[in-house]
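# Observations on the three-dimensional arrangement
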Amino acid sequence: MWTTKTFLTKTKRGNILKIVREHYLRDDLLCGSAACNVCPHKDDECILDVQPESICALFDYNHYLLIDTNVVLHQIDILEDDALKNVIILQTVLEEVKHQNTAIFQRLLEIIGNKRRKFYSFVNEHHKDTYIERKPGEKPNDRNDRAIRKAAAWYLEHLSIKGLTGHFPKIVLLTDDENNRKLAQDDGIVCCSVKDYIENVNGYPGLLDKLSKNVMPENCSKDALYPAHLTPSQIHAGIRNGKLHQGTFYASRDNFLEGTATVNGFEKQILLQGHIGINRAIDGDIVAIEIFPEEEWRKPSDIVLEDKAEDPGDLLEEESILLNTAKSAASADISPTGKVVGIIRRKWRQYCGILMQSKFPGATRHLFAPAEKRIPRVRIETRQSDLLAAQRILVALDSWPRNSRYPLGHFVRALGPIGDKDAENEVILLEHDVPHARFSEAVLACLRPDDWTITEEEIKKRVDLRSICVCSVDPPGCTDIDDALHARPIPGTTNGLKKYEVGVHIADVTHFVRPNTALDKEAASRSTTVYLVGKRIDMVPDLLSSNLCSLRGGEERLAFSCVWEIDENANVLNTKFHKSVIKSRAAMTYEQAQIAIDDSSRQDEVAASLRTLNALAKTLKQKRLDNGALLLASPEIRFEVDSETHEPMEVQAKRILDTNSMVEEFMLLANVSVAEHIAGEFPQSALLRRHPAPPPANFNTFLKAAAQQGFELDVSTNKAFSKSLNEAVLPSRPFFNTLLRIMATRCMQQAVYFSSGTLAQEDYYHYGLACPIYTHFTSPIRRYADVVVHRLLASCVGADATHASILDTKYAVSLCENLNYRHRQAQYAGRASVALNTHILFKDRVEVEPAVVLAVKRNALQVLIPKYGLEGPLYLPSDKFIYNEEEHVQICNGVVLRTFDEIVVRLSLDSTNLQHRKLVFQLVKPVIPGFSYEEMEVEAVDQPEIEIVDITRTKKRQKKDDVQIVERPQVVIDISKKKQETKSKKKKGKK
Amino acid sequence: MPGPDLLSSQGLRLDGRRPNELRRIRCKLGVFTQPDGSAYLEQGNTKVLAAVYGPHQAAKSKMSTEGVVVNCQYSMATFSTGERKNRPRGDRKSQEMSLHLRQALSSAIKTELYPRSQIDIYIEVLQADGAAFCASVNAATLALIDAGVPLRAYACACTSSVAWRGSQPEPLLDVGHVEEAAGGVCLTVAALPSTGSIALLEMSHRLHMDYFEVVISRAMQGCRDIEVILDKAVREHLAEGWTKQDIVTI
Ligand SMILES: [Zn+2]
Ligand SMILES: [Zn+2]
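Taking an unreviewed UniProt entry as the reference, chain B is identified by name as Putative exosome complex component RRP41 belonging to Pieris brassicae.

In the nomenclature of an unreviewed UniProt entry, chain A corresponds to Protein DIS3 homolog from the organism Pieris brassicae. The record held by UniProt for chain A lists under Cofactor (unreviewed entry) the comment "Mg(2+)". One UniProt comment on chain A, placed under Sequence similarities (unreviewed entry), says "Belongs to the RNR ribonuclease family."

## Observations regarding the overall build of chain A
Along chain A, the regular secondary structure elements total 26 helices and 37 strands. Across the 991 residues of chain A, 56% fall into the buried class. Considering only contacts within chain A whose residues lie at least 6 apart along the sequence, 69% involve residues at least 24 apart. Only carbon and sulfur atoms are counted for the fraction: they give 50% of the accessible area of chain A, which is about 42400 Å².

## Some words on the sheet that holds strand β3 (residues 63-67) of chain A
Residue and element names in this part refer to chain A. Spatial strand order, β5-β4-β3-β6-β7: five strands in an open sheet with parallel pairing. One side of each edge strand has no neighbouring strand; the edge strands of this open sheet are β5 (119-122) and β7 (190-192). Strand-to-strand twist of the sheet, defined as the mean angle between neighbouring strand axes without regard to direction, takes the value 30 degrees. One ladder, built from two bridges, connects β3 with strand β4 (residues 87-90); its direction is parallel. Bridge pairing in β4 places Leu66 opposite Ile88.

## Details of the coordination of the zinc ion (ligand 1)
All names here are of chain A. Each protein donor to the zinc ion (ligand 1) is listed here as Cys31 (SG), Cys36 (SG), Cys39 (SG) and His158 (NE2); together their distances run 1.9 to 2.2 Å. For the zinc ion (ligand 1), the four donor atoms in the first shell make angles of 104 to 116 degrees at the metal, so the coordination geometry reads as tetrahedral. Written as a sequence motif, the donor residues of the zinc ion (ligand 1) are C-x4-C-x2-C-x118-H. Relative accessible area serves as the criterion here: at 0%, Cys31 is assigned to the buried category. The exposure class of Cys39 is buried, given its relative accessible area of 12%.

## Topic: the packing of aromatic side chains
Within a pair of aromatic rings, the relevant descriptors are the distance that separates the centres and the angle that separates the planes. Residues and elements named next belong to chain A. By the definition in use, this model includes 15 aromatic pairs over all chains. Seen in terms of ring centroids, Trp154 and Tyr155 are 5.2 Å apart; in terms of plane orientation they differ by 80 degrees. Their pairing is edge-to-face. By relative accessible area, Trp154 is classed as buried at 10%. Look at Tyr155 and you get buried, because its relative accessible area is 0%. Geometrically, the ring pair formed by Trp452 and Phe512 is edge-to-face, given 4.9 Å between the ring centres and 75 degrees between the ring planes. Taken together, the residues span a long stretch of sequence, with Trp452 in the loop between α13 (441-444) and α14 (456-461) and Phe512 in helix α15 (residues 509-512) at a distance of 60 residues. In this structure, Trp452 and Phe512 share a single accessibility class: buried. Geometry around Phe439 places Arg526 over its ring, the cationic atom sitting 4.1 Å from the centre. Lying over the aromatic face of Phe560, Lys579 brings its terminal NZ or CZ to 5.0 Å of the ring centre.

## Comments concerning the pattern of salt bridges
All names here are of chain A. If you walk through the whole model with that rule in mind, you get 50 salt bridges over all chains. Asp542 is the salt-bridge partner of Arg536, the closest N and O atoms lying 3.6 Å from each other. Note on Asp542: relative accessible area 46%, which makes it partly exposed. Taken together, the salt bridges that share partners define one network made up of Glu458, Lys461, Arg462, Asp508 and Lys579.

## Some remarks on the confidence of the model for chain A
Residue and element names in this part refer to chain A. Scored by pLDDT, chain A comes out at a mean of 81, with 85% of its residues at no less than 70. Per-element confidence in chain A is highest for β4, whose mean pLDDT is 93, and lowest for helix α26 (residues 951-954), whose mean pLDDT is 35. Throughout residues 1-7 the model reports pLDDT below 50, and contacts reaching past four residues in sequence, or to other chains, amount to 17 contacts. Low confidence marks residues 11-15, where pLDDT is under 50. Its contacts with residues over four positions away, or in another chain, come to seven contacts.

## Description of the sheet that holds strand β11 (residues 286-291) of chain A
Residues and elements named next belong to chain A. Here we have five strands rolled up into a closed barrel, ordered β8-β9-β10-β12-β11, and mixed in their pairing. For this sheet the average axis-to-axis angle between neighbouring strands, irrespective of direction, equals 50 degrees. Relative to strand β12 (residues 337-345), strand β10 (residues 270-273) is paired through two bridges, and the arrangement is parallel. Looking across to β12, one finds that Leu272 is bridged to Gly338. Here helix α8 (residues 232-240) sits on the sheet in contact with β8 (244-251), β11 and β12, set at roughly 110 degrees to β8.

## Quick look at the environment of Leu543 of chain A
Residues and elements named next belong to chain A. Tracing the backbone through its elements, the reader meets Leu543 in helix α17 (residues 542-548). Remark: the alpha-carbon pair of Leu543 and Arg448, spanning 95 residues in sequence, is separated by 8.9 Å. Filtering out sequence-adjacent residues up to four positions away, Leu543 remains in contact with Leu447, Arg448, Asp450 and Leu548.

## Regarding the environment of Phe735 of chain A
Summarising the element assignment, Phe735 of chain A is placed in helix α23 (residues 734-745). In the structure, Phe735 of chain A is positioned 167 residues away from Glu902 of chain A in sequence and 9.5 Å away in space, judged by C-alpha atoms.

## Digging into the nonpolar core
Membership of the largest hydrophobic core comes to 91 residues, with the highest contact counts inside it found for Leu610, Phe666 and Tyr784 of chain A. The element that contributes the greatest number of residues to this core is helix α20 (residues 658-681) of chain A, accounting for ten residues. In contact with Phe666 of chain A, other than residues within four places in its own chain, are Leu485, Val502, Val504, Trp564, Ile566, Leu613, Leu616, Ala617 and Leu620 of chain A. Counting residues in hydrophobic clusters, the runner-up holds 64 residues, among them Leu29, Ala131, Ala191 and Leu200 of chain B.

## Things to note about unusual backbone geometry
The omega torsion of the bond from Gly54 of chain B to Pro55 of chain B falls at 0 degrees, within 30 degrees of zero and hence cis. Phi at Arg280 of chain A takes a positive value of approximately 70 degrees, unusual for a residue other than glycine. When you line up the elements, Arg280 of chain A lands in the loop between α9 (274-278) and β11. You can call Arg280 of chain A buried: its relative accessible area is 1%. In this structure, Asp433 of chain A is a non-glycine residue whose phi angle is positive, near 55 degrees. Looking at the secondary structure, you find Asp433 of chain A in the loop between α12 (421-431) and α13. By relative accessible area, which is 39% here, Asp433 of chain A ends up partly exposed.

So, how was this worked out
- Chains are numbered independently. Their residues run from 1 in the order of the written sequence.
- Labels follow written order: the first chain is A, the first ligand is 1, and so on.
- Local features in this predicted model are restricted to residues of pLDDT 70 or higher, and side-chain atom pairs are both shown and tallied only at a pLDDT of 80 or more, whereas totals for entire chains, interfaces and linings draw on every residue.
- The side-chain quantities take in all heavy atoms of the structure and omit both hydrogens and water.
- UniProt positions are given in the numbering used here, feature names are shortened, and annotations may be inferred rather than shown by experiment.
- Numbering of helices and strands runs from the N terminus; a helix is a DSSP stretch of H or I covering at least four residues, while a strand is a stretch of E covering at least two.
- When accessible area is computed with a 1.4 Å probe and restricted to protein chains, residues below 20% of their type maximum are described as buried, those above 50% as exposed, and intermediate ones as partly exposed.
- Whether two residues are in contact is decided by their heavy atoms, any of which lying within 4.5 Å being enough.
- Here the open area of atoms and residues is found with the Shrake-Rupley method and a 1.4 Å probe, where only the protein chains shown may cover a residue.
- Pairing between strands is defined by DSSP: at least two bridges between them are needed.
- For helices, the axis comes from a line fit to the C-alpha atoms of the stretch in contact; other axes are also lines fit to C-alpha atoms, and the angle between any two N-to-C directions lies between 0 and 180 degrees.
- Because water is not among the atoms used, a metal site may look incomplete, as its donors are only the N, O and S atoms within 2.8 Å, or 3.2 Å for Na, K and Ca.
- Irregular is the label for any site that misses the other tests, which are tetrahedral for four donors with all angles between 85 and 135 degrees, and square planar for four donors or octahedral for six when opposite donors exceed 155 degrees and the remaining angles lie between 65 and 115.
- Only rings of Phe, Tyr and Trp enter the pairing, Trp through its six-membered ring, and a pair is recorded when the two centres are within 6.5 Å. The plane angle decides the type: under 30 degrees is stacked, over 60 is edge-to-face, the rest tilted.
- Here, over-ring charges are defined by two tests on the NZ atom of lysine or the CZ atom of arginine: distance to the ring centre within 6 Å, and angle to the ring normal within 35 degrees.
- Salt bridges are defined as contacts in which a side-chain nitrogen from Lys or Arg sits within 4 Å of a carboxyl oxygen from Asp or Glu.
- Along the chain, pLDDT gives the predictor's confidence residue by residue, from 0 to 100.
- Joining through side-chain atoms within 4.5 Å is the link that ties buried Ala, Val, Leu, Ile, Met, Phe, Trp, Tyr and Cys residues into a set, and such a set is a nonpolar core.

Next up, the structure:
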């Protein structure tokens, strides 16, 4: 039972509010040490060893480590290393860390949760003997330091109570705060800096590399290259009086000396240029910005600038190339410009990349080049550089002092040899924050045995559709089949029209993934299956995704069905939802299905069903287009991958068949039907998907470029846009219309998940599909959104028990945030994987290919090679080319290069920089003497025939049910065992 | 489940209590001499005064032949919350609270003993720091005992909420203001613990059925714990005898 503890109050002054909180002190908190015989520990509550062995040469006796907050914040990688054990984490420290950095806090919790690490968290703030009150005038920081010392002293005394033998573990306080160390020493507490401690650790080579570098205080201006950041209180005051603004910093991908920041109250992003303007902000940081007076505003330099390959030492290079760009541009192009004056919050994570070994043999200071171009290079210290030079490595940032050109960081771990498929995939997954660890025991424990079969009772609860001729149509090699279809005529007519029963049957994943289980949580956290070339990172374990849930041919499976009565004009007469048992007659590929439809000699049930579906789908689609749905384009290509090495061997254009569209239409119909139903039943917490109309400004450049080709496009509504896209055809250039659609795609917004309670009903609109409401229901095996929608629908139709989170609007909102984030990251990861494989493919080859100009920049053309869906810059030297800013054209010797031009380029891989191997585009045609690539130099390239995928007809299909509206050209990779899936996306990085 | 962590990884709440612990309750009977009965009660930082008049003859309009009419008036002092607010007596919230109090207390009082009579109960919340209603019920019970009104049982009230330990619900007893403000459900139970009957139930948000059982049973446990405390206070008060009766101490 409870006992009342001494009662104290804490006061905290806000603006006007005085908050008084109760604070209970307890006498039943444990010290966690097995060496203690005072506390009533149960067996599993002794975390700390009786005789904690010392690994540090400075201390030759048994001791526990007690660590200060600054150690956790700056040296979390050291703590994550298995070397340190028997560590006491005080509640004071936990709370400070939580307050200052949630990411590190999570990592610390993880360490504490790992029993083998022997980290004990002691609740000193509620312990009657270790709680201290803040003295009048004492800074919170000093009070916390004192609390830490108090706890250290208490432990020392507490453990010595046993005292009989005199052998009890001592306490060593680890802190990098000199002042705290001094005060601790005065109190008789043994303490040590992390650096001293770690440098004297024996038996853990490599531990030292993880040591975070000491920080030069911001107010020290010795050798300073950068202006000092303002202090938090100066920033606070500046923001309050309107002189400064808070914003999120985004570094430019193309130009390392340029970035932007989004600031509330400014429609345009704030432009930040040069070393001083950026002043050590790193992509993602929350920064304080001072905005220049309007006459100093500039336009973003449209040049591509990369950091030098060599380490220039601690010098800032010439920025004139950047800053001399003309100021006299049209006012529409001018952006508010400013400079970073302080950092509000760093958003650093760990970065993958490679070591750029120092030129001096034996040196320990090296540069690290991150894989992400937006991140600057990092100075690290390591003694294993020879070993690491050929590896992909992970590095954490420590600080960026004023006197260092580069931020300082430390080595975390090696990921594997450069070029190694697994290491490269690991890089992609880490860089995109894709959870990809093996499924934990707890998750696997939620699974049914693999010989699981459907029980009789289960069948009784469901509609038995095993006798119906259901079949599935998917890409070749698909093992996670989540949808199947059927259609059959039903007797009678409505309004004189024939009627059909059409069913869409979706894998019943929620039967297996129960709410709030470890499996459910893991799936929710992953949110989506991620497809890389040759690798699939499942959202749910393989047993479910490829077996129990997958609607394989000839096997009885549980499904969630949506069944319509549809007349021959594709009007839906009524809709039913129910759980069912099905037995798919055939799991077909698109091609097989197409053959079945076309082969008139086939008169079996499957073929008849497919023909009905195909005919209805065409009508459905026409209706959709008439409503204003957009058909946007992306060239679709597939890699042929060597089944042994998983190396890409060839790419080819992907054929798109009627059957792709057939499946897609019915998935759309199912999604819309389900969306209407759940939004009606759960007006506050239904999970829906919307696609906002793009703001008109997005179209500016696009419309200008189209006008140059003689087309005035109407973008006022999706319907008008769709119509004018259809009409913009150049008979002489079959690819032109496709190109227009590719570029239109980039003007689009991203489609997002949202909870119905957060928006007004008119904002549910899906622009790309031109439908008032939409959701995702048809792919629960690989998307968590669909799992949630299944649960919502099941509780609407009484097919499953409800559960608490279904009504939780807050949960719905946070869920949507995570879903949107993971989906975006999955797309980026998929694209990165395609790029990686393209590089592998071009390792030993050179090709000359037709290309089109997507955009004209100051020093480059952005070109697209339709055959590969590859895009990149073709650099134009400024001494040869004249850039016309008004017209967006580049001119050289009378040759004019403009957007939409069709050119020929030579494509090769530049491997001089191992990290950023990049494709080099060189101009072949039009011929510009002295610049374009001379044909004769080409070593007999065997030229594959060039095909351009005609996408106008094929439209986009990607995944049949997601509506791809917005997509950049991409390469679709198909290998056995995987289904390539890509989703709607808009250009990255432009924002 | 989202929301701020109401429960630390060591299983303690923000103020250092375990999930099943009440806040500190201190109480005193007979703090005023003017009313027939009075009591002062602190539940954590929530502080409440209760005064009882009666039973006396009821006003004609309210008179009932069935039993005594319980008249409750609940009000909050201007200075009772962090933000000072001028609270006219009888605003909607106070009226609602008054009705709830009446419902909870009527079920404890042996109303049938005093037909055509009336009991007036005045509650003043001096400081509100979560669960003011519960403190009011508990204080009123003491005041009724002090006034010598026959009760069927102690009427005790307690709140409970729910926090999450991983995916497991962990009900929290006696919700403080900080926990209340963090959102989530707050279930208020007024009960006669010795008879096991519930006099009033109120819930602030929707809570899924699956968790209702654990949450209400924790609140009921709280009511039983409170009954023990109130009973002890009553016995001590009686043991003190009559000598200190007249000294007003708060
Ligand atoms: Zn102990
Ligand atoms: Zn499928």
